[in-house]
Amino acid sequence: MLTYGHHMTTDMPSSITEHEAEQVAEANATGRVPVVFVHGLWLLPSSWDRWAELFRAAGYAPLTPGWPDDPETTAQANANPQVFAGKSVGQVADHFASIAGTLTKKPVIIGHSFGGLLAQILAGRGLAAATVAIDPAPFRGVLPLPISALRSASAALGNPANRHRAVPLTYDQFRYAFANAVSEEEAKDLYETFAVPAPGLPLFQAAAANLNPWTEVKVDTENPARGPLLLISGEKDHTVPWSITNASFKLQQRNKDVTEIIEIPGRGHALTIDSGWREVASTALAFVRRFTQPRPAQP
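Residues numbered from 1 in each chain as written. Predicted model: local features only at pLDDT ≥ 70, side-chain atom pairs only at ≥ 80, totals over all residues. Heavy atoms only, no water.

Before going further, it helps to spend a moment on the nonpolar core. With 62 residues, the main nonpolar core has Phe114, Leu117, Phe178 and Leu190 as its most contacted residues. Beyond its immediate sequence surroundings of up to four residues, Leu117 is in contact with Val89, Pro136, Ala137, Pro138, Phe139, Val217 and Val219. Ranked by size, the runner-up nonpolar core spans 26 residues in total, among them Ile232, Ala281, Ala284 and Phe287. (Core = buried A, V, L, I, M, F, W, Y, C linked by side-chain atoms within 4.5 Å. Buried < 20%, exposed > 50% of the residue type's maximum accessible area, 1.4 Å probe, protein only. Contact = heavy atoms within 4.5 Å.)

Each regular strand displays side chains that alternate between the two surfaces of the sheet. Summarising burial for strand β4 (residues 130–134): 5 of the 5 residues are buried, a large majority. Judged by which residues are buried, β4 turns out to be covered on both faces: Ala130, Val132 and Ile134 on one side and Thr131 and Ala133 on the other are all buried. With 5 bridges connecting them, strand β3 (residues 108–112) and β4 associate as parallel partners. Note on β4: the bridge partner recorded for Gly111 is Ala133. One ladder, built from 4 bridges, connects β4 with strand β7 (residues 229–234); its direction is parallel. (Helix = DSSP H or I, 4+ residues; strand = E, 2+ residues; numbered from the N terminus. Pairing = 2+ DSSP bridges.)

This next bit is on empty space enclosed by the protein. Following the criterion strictly, the structure yields 1 cavity of 30 Å³ or more and no others. Its volume calculated, the largest cavity comes out at about 50 Å³. Taken together, 14 residues make up the lining of the largest cavity; nearest its centre are His39, Trp67, Asp70, Phe84 and Pro199. Residue composition of the lining of the largest cavity, grouped by class: 10 nonpolar, 2 polar and 2 charged. (1 Å grid on protein atoms, 1.4 Å probe; cavity = no way out; pocket = protein on both sides within 12 Å on 5 of 7 lines; lining within 4 Å. Points joined across faces, edges and corners; volume = space filled by probe spheres on them. Nonpolar A, V, L, I, M, F, W, Y, C, P; charged D, E, K, R; others polar.)

Quick look at the pairing of strand β1 (residues 34–38) now. Of all 5 residues in β1, 5 are buried, a share of seventy percent or more. Neither face of β1 is exposed, since Pro34, Val36 and Val38 on one face and Val35 and Phe37 on the opposite face are all buried. Note: β1 against strand β2 (residues 61–63), 3 bridges, orientation parallel. Among the inter-strand pairings, Pro34 is bridged to a residue of β2, identified as Ala61. With helix α2 (residues 49–57) bridging β1 and its parallel neighbour β2, the resulting β-α-β unit is right-handed. Relative to β3, β1 runs parallel, the two sharing 4 bridges. Within β3, the position partnered with Val35 by the bridge is Val108. (Right-handed = clockwise from strand over helix to strand, strands pointing away.)

Turning our eyes to something else, we now look at the packing of aromatic side chains. A ring pair, where both rings are aromatic, is described by two values, the distance of the centres and the angle of the planes. Summed over all chains, the structure comprises 10 aromatic pairs. Put simply, the rings of Phe37, Trp48, Trp51, Phe55 and Tyr60 touch in pairs and so form one group of aromatic residues. For the cation-ring pair, Arg151 lies above Tyr176, with the distance from its terminal atom to the ring centre recorded as 3.6 Å. (Phe/Tyr/Trp six-rings, centres within 6.5 Å; stacked < 30°, edge-to-face > 60°. Lys NZ or Arg CZ within 6 Å of the ring centre and 35° of its normal.)

Structural data, given as structure tokens:
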């Protein structure tokens, strides 16, 4: 079991970047409950910037770590897509676990898509004070495979060589997988602002999770230290439709702790970054506030 506050920032695990170490030190210095945001495929940590501000204003200490080797900007990411290749679910989970282990207080963990899967993996390791998983990628035991989810994943899964590559989305693929519930104009804007290549490997791992008993794509749903969990589903999500999120919810309900699910009407997979992000963020914040004590900013 990780002991909170055991590591000083001078003793950071090697995968933690200088920027992430600064965020950890700042969070620890505030004495507030940290909130770790975990992005999914085809996005960067900056996709959480507005959420981080909202949670900071509400009395929390937000952190927006990257996956290992994440570039800082979408321009850098699109110029050097190969840096994303080969990242596995287990490797990324361990990176976020080391960040959680350097915090002096147990963090809230909020994740979207593959970040929602990672948030549940971390909660299953007993690392979260509360967890919000938004349109989370499926884990071992989640059986529904809706056509729209397969079509959304086909950008990577269509070519076996993509297992070891970084895979960008075309605008049309992004429009279908992320931005189907917004206007054409907003979809183009989101694509320009947020979309970056992503490792193909996690999609292959998720696709094989129910066939591979040793998969990294598994969640300990029964750990008594899991903490409260909210699953959020966008009603029109093509990538992670209700049937997938609801199947994850049913498995998570085995836990003795609070497990809830909310469907947000009219929203697609881009619900954390599109113009309606605040409704989703406020839903997450209301849940988190029930189980943690925010600290107001000093006047």
